[in-house]
Amino acid sequence: MSSCLQTIHDYGLRSIGIGERLLPREGFTLCEQATLIGSGMIWNVYFGVMALTIGFFLATGLAVAKGSQNRWVRKPAEWFIFVFRGSPLFIQFFFAYFLFLSLKSANPAFGAFTAAWLGALIVLFLNTAAYTGEIFYGALRSIPKGDTEAADAYGMTGWPRFRRIVWPTMLRLAWPAYTNEAIFLFHATTLVFFSGFPAWQQRGDALYYASYFADKTFNPFVPYPILAGYFILVTLVIVSVFGLIGKRLNRHLPAERRARPPMRLTLIR
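**Thoughts on the state of the cysteines**
Then, number 1: Considering all chains together, one arrives at one disulfide under this definition.
Then, number 2: Covalent S-S linkage joins Cys-4 and Cys-31, the inter-sulfur distance amounting to 2.1 Å. Taking the torsion about the S-S bond as the criterion, the Cys-4 to Cys-31 disulfide, at about 85°, is right-handed. Of this pair, Cys-4 sits in helix H1 (residues 2-11) while Cys-31 sits in helix H2 (residues 30-66), placing them 27 residues apart in sequence.
Then, number 3: A relative accessible area of 25% means that Cys-4 is categorised as partly exposed.

Here it is in structure tokens:
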């Protein structure tokens, strides 16, 4: 027990540069594998939380823009959503990394964009914004006409109408699908260090460490189940948190009409 606690102390935060600098080379214990894979989950959680948080606001803007009557506003949103939904995320990572490398060679100020913490985050943020924007756009089109007519009858227009009627209703209708998008995005974070963005000083995500142990031990049946267990736990957290938010959004509805997000442990988009 004491040796496992020491392992956690040494490797628990290694993925962010705290603790032992060198990885274990032989005699891998179950505690070492669980600790290092768990350490790598810090990056997966970082990418998922940051991309979802920032992408949520861009997605709202994209949904509104796509529903606009002005084609100069509508068309860019439509093409943005089409491009990021129509191309594989794996290719987007490669394209972005080599684009940032080209920009770095022209101007060293772009050097930070070749690091996964920023460059890969931008790709995930844009990707989830496109998918979520389409979800929100569908919800916007599904808003009951009576809701907007009631707002018009009360003299609500512009921003007050959007903030108090349109936006809350849109979120309520879109929330089950958005919950699935959050799960998809979190699983997609495993692609970061298997695309163009390199792991600096072996500081990768959970899949990076699981692959390391599988290659060293020639036994994938220990690290990968540990990895899957971590992802299932975080997915349960996502479903629980989003479920509470969904209840909040639907608190004014009768119990039988409250939408509950489906729990799907989807591994790939």
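From this point on, the discussion continues.
**Considerations on the side chain of Thr-60**
Then, number 1: In this fold, Thr-60 is placed in helix H2.
Then, number 2: On the basis of relative accessibility, which here comes to 12%, the residue Thr-60 falls in the buried class.
Then, number 3: Once residues within four sequence positions are removed from consideration, Thr-60 is found in contact with Phe-136, Phe-162, Trp-167 and Met-170.

**Topic: the packing of aromatic side chains**
Then, number 1: By the definition in use, this model includes 27 aromatic pairs.
Then, number 2: Look at Tyr-97 and Phe-98: their rings are 5.6 Å apart centre to centre, the planes differ by 70°, and that puts the pair in the edge-to-face class.
Then, number 3: Looking at Tyr-97, the relative accessible area reads 13%, which means it is buried.
Then, number 4: Relative accessible area serves as the criterion here: at 47%, Phe-98 is assigned to the partly exposed category.

**Points about the layout of surface pockets**
A probe as big as a water molecule, rolled over the atoms, marks out the empty space that is left.
Then, number 1: Of the pockets and cavities examined, the second largest pocket occupies roughly 330 Å³.
Then, number 2: Lining the second largest pocket are 16 residues; nearest its centre among them are Gly-48, Val-49, Leu-52, Ile-238 and Phe-242.
Then, number 3: Breaking the lining of the second largest pocket down by element, the ones donating at least two residues are H2, helix H7 (158-188) and helix H9 (223-249).
Then, number 4: No other element matches the seven residues that H2 contributes to the lining of the second largest pocket.

**Brief notes about a nonpolar patch on the surface**
Then, number 1: Together, Phe-90, Ile-91, Phe-94, Phe-98, Leu-101 and Phe-194 line one region of the surface with nonpolar side chains, adding up to about 510 Å² of accessible area.
Then, number 2: Locating Phe-90 in the fold gives a position in helix H4 (residues 89-106).
Then, number 3: By relative accessible area, which is 32% here, Phe-90 ends up partly exposed.

**Some thoughts on the packing of H7 against H9**
Then, number 1: At a minimum axis distance of 10 Å, the contact between H7 and H9 shows a crossing angle of 165°. Overall, the two elements H7 and H9 adopt an arrangement that is roughly antiparallel. The way H7 lies across H9 gives a crossing that is right-handed. In contact with Leu-171, Arg-172, Trp-175, Tyr-178, Thr-179, Ala-182, Ile-183, Phe-186 and His-187 of H7, H9 contributes Phe-231, Val-234, Thr-235, Ile-238, Val-239, Phe-242, Ile-245, Gly-246 and Leu-249.
Then, number 2: Residues of the contact of H7 with H9, tallied by class, amount to 13 nonpolar, four polar and one charged.

**A closer look at H1**
Then, number 1: Among the residues of H1, those classed as buried are Thr-7, Asp-10 and Tyr-11. Within H1, the buried residues cover an arc of 75° as seen down the axis, which keeps them to one side. Residues of H1 that are exposed and point more than 90 degrees away from the buried face comprise Ser-2 and His-9.
Then, number 2: Of the surrounding elements, those touching the buried residues of H1 are H2.

Quick notes on the rules
Residues numbered from 1 in each chain as written. Predicted model: local features only at pLDDT ≥ 70, side-chain atom pairs only at ≥ 80, totals over all residues. Heavy atoms only, no water. Disulfide = S-S within 2.5 Å. Helix = DSSP H or I, 4+ residues; strand = E, 2+ residues; numbered from the N terminus. Buried < 20%, exposed > 50% of the residue type's maximum accessible area, 1.4 Å probe, protein only. Contact = heavy atoms within 4.5 Å. Phe/Tyr/Trp six-rings, centres within 6.5 Å; stacked < 30°, edge-to-face > 60°. 1 Å grid on protein atoms, 1.4 Å probe; cavity = no way out; pocket = protein on both sides within 12 Å on 5 of 7 lines; lining within 4 Å. Points joined across faces, edges and corners; volume = space filled by probe spheres on them. Patch = residues over 30% accessible without salt bridge, like charges linked within 9 Å, V, L, I, M, F, W, Y side chains within 5 Å. Areas by Shrake-Rupley, 256 points an atom, 1.4 Å probe, with all protein chains shown as cover. Salt bridge = Lys/Arg side-chain N within 4 Å of Asp/Glu carboxyl O. Axes fitted to C-alpha atoms, helices over the stretch in contact; angles between N-to-C directions. Parallel < 35°, antiparallel > 145°, perpendicular 65-115°, else oblique. Left-handed = near helix turned anticlockwise from the far one by under 90°. Nonpolar A, V, L, I, M, F, W, Y, C, P; charged D, E, K, R; others polar. Arc of directions from axis to C-beta.

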